[in-house]
Amino acid sequence: MTSADSRTSSLPPPPFAARVAATGGSPVRDILAVTARPEVVNFAGGLPAPGLLDAEGVAAAFHAVLAEVPQRALQYATTEGEPALRAALADRTTARGLATGPDDLLVTTGSQQALSLLATALLEPGDTVLVENPCYLAALQVFGFAGARILPVPGDADGIDPDALEEMVVRERPKLLYTVPTFHNPTGRTLPAGRRAAIAGVAARRGLWIVEDDPYGELRFEGERVPWIASHDDARDRTVLLGSFSKVMAPGLRLGWLRAPAALRRACAVAKQAADLHTPTVNQLAAARYLADRDLDAHVSKVAAAYRERRDALLAGLPDALPEGSAWNHPEGGMFLWARLPDAYDTTALLPRVVEREVAYVPGAPFYAGAPETSTMRLCFVTHTPEEIAEGLRRLGKGLR
């Protein structure tokens, strides 16, 4: 056979894994790619306000680390994370009501990686995962890639219904419940303290892991802080608490962490060794230096005050921007607001027309594990100034009409 014959008769390479086609990409990331132009008022992405990032403080922390301990900063590190950073994170967690030591924590490359590690450590293909309805989109992707059977738990404007959760646990025998109980993504709602206690009780009685994701909890504008589910005695041995610096320091650092019972934490560390060995050393040391030299709580308070003004600007403009008969919530913090238009509106179908007006939102449908509510949308209120928000709502109103 000649070389030409060999080329014409060659077989294609083997196909991709079925989970790639089954899971698909993120509609949010796709929208961001389309709306990256600076003239677009982007209510779609969960992007912290660029002008409120403490660039000077972060730069100083990196400079200090690279000047003082360059060999360490540029070297490999342990999988579990830099001791100085884990100690600082443990102190912050303890101060917020959950006694934590450095060895209780695993540093991850963003809290998104923590979700992937947990899926690797806990889930076999076909295992059942319970989620809120609607649910954080990237969590649905993680569980989909793991081959899980994803079921939404019934709830209301306050979040998960604990009685419905218990019925589903008995009937479906899930491995875990995934929840963002504080300033939920995508709805912005907060699960009340009583329901958190009840959910902890269900997990204890029925045998269930709880994954409590808390990337937004420090961004509170009003109301009283609600204790973590992980702080309830019933669930201490079965709750994983996830945290992140993405919303309070800088998302580009890709620094997150998980707090988990020892055996599960060790399993996640093994999974992380297989994934990336460790989170970048220089980023960890810079974050630890920032926490030592700067007042992160004061910075977060400043950011939260600005975000409150932006939330208020969005709330003030929605009555004129959305069709008559629309409804929306009033988040006490975080980054997102959830709106529901009259049933005749399909926010996915309307989006291209709205983008032509140089404004964008995220349709609600992709956030549902079950049947979607097609008239819903998520609006991020933190990226733009109040003046830009007002202009964006003017454009949104025109696009929807």
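Up top is the structure these notes are about.
What comes next concerns the included structure. (Residues numbered from 1 in each chain as written. Predicted model: local features only at pLDDT ≥ 70, side-chain atom pairs only at ≥ 80, totals over all residues. Heavy atoms only, no water.)

**Notes on the overall build of the chain**
Heads up, the condition is: Segments assigned H or I by DSSP are reported as helices when at least four residues long, segments assigned E as strands when at least two residues long, and all are numbered from the N terminus. The size measure is the radius of gyration over C-alpha atoms, and the globule rule it meets is 2.2 Å times the number of residues to the 0.38 power. Between two residues, a contact is recorded if the distance between any of their heavy atoms is within 4.5 Å. Using the Shrake-Rupley algorithm and a 1.4 Å probe, accessible areas are obtained, with residue cover drawn only from the displayed protein chains.
Scanning the chain for helices and strands turns up 15 helices and 15 strands. A compact globule built from 401 residues would reach a C-alpha radius of gyration of about 21 Å, and the chain, at 22 Å, matches this within 12%. In terms of its C-alpha atoms, the chain occupies a principal-axis envelope of roughly 75 × 55 × 50 Å. A separation of at least 24 residues holds for 75% of the contacts in the chain among residues at least 6 apart in sequence. Of the roughly 17500 Å² of accessible surface on the chain, a fraction of 55% belongs to carbon and sulfur atoms.

**Some remarks on the packing of helix H9 (residues 162-172) against helix H10 (residues 193-206)**
Here is the rule we go by: Only the stretch in contact is used when fitting a helix axis, every axis being a line fitted to C-alpha atoms; angles between N-to-C directions are given from 0 to 180 degrees. By definition in this entry, angles of less than 35 degrees are roughly parallel, angles greater than 145 are roughly antiparallel, angles of 65 to 115 are roughly perpendicular, and the rest are oblique. It is the rotation of the near helix from the far one that decides the hand of a crossing: anticlockwise by less than a right angle makes it left-handed, clockwise makes it right-handed.
Across the interface, H9 lies against H10 with an axial gap of 9 Å and an inter-helix angle of 15°. Judged by the inter-axis angle, H9 sits roughly parallel to H10. At the point where H9 passes H10, the crossing takes the right-handed sense. In this structure, H9 uses Pro-162, Leu-165, Glu-166, Val-169 and Val-170 to contact H10, whose residues at the interface are Arg-195, Ala-198, Ile-199, Val-202, Arg-205 and Arg-206.

**Comments concerning a positive patch on the surface**
Which entries qualify depends on this criterion: Without a salt bridge and with relative accessible area above 30%, a residue can belong to a patch; like charges are then joined within 9 Å and nonpolar side chains (Val, Leu, Ile, Met, Phe, Trp, Tyr) within 5 Å. A pairing counts as a salt bridge when a side-chain nitrogen of Lys or Arg comes within 4 Å of a carboxyl oxygen of Asp or Glu. The convention is simple: Lys and Arg are positive, Asp and Glu are negative, and His and the chain ends are not counted. In plain terms, the charge of a residue is placed at NZ if it is Lys, CZ if Arg, CG if Asp and CD if Glu.
A cluster of like positive charges, contributed by Arg-353, Arg-357, Lys-398 and Arg-401, occupies part of the molecular surface. Along the chain, the position of Arg-401 falls in the segment after helix H15 (386-400).

**Things to note about the side chain of Asp-127**
Short version of the rule: Under the rule applied, a polar contact is a pair of N or O atoms within 3.5 Å (in protein, one hydrogen donor and one hydrogen acceptor; residues adjacent in sequence only if both atoms are side-chain atoms).
Looking at the secondary structure, you find Asp-127 in the loop between helix H7 (110-122) and strand S3 (128-131). At a separation of 2.7 Å, a polar atom in the side chain of Asp-127 contacts the main-chain amide nitrogen of Glu-124. At 2.8 Å, the side chain of Asp-127 forms a polar contact with the side chain of Lys-175. Ignoring sequence-local partners within four residues, the contact set of Asp-127 consists of Leu-122, Ala-148, Arg-149 and Lys-175.

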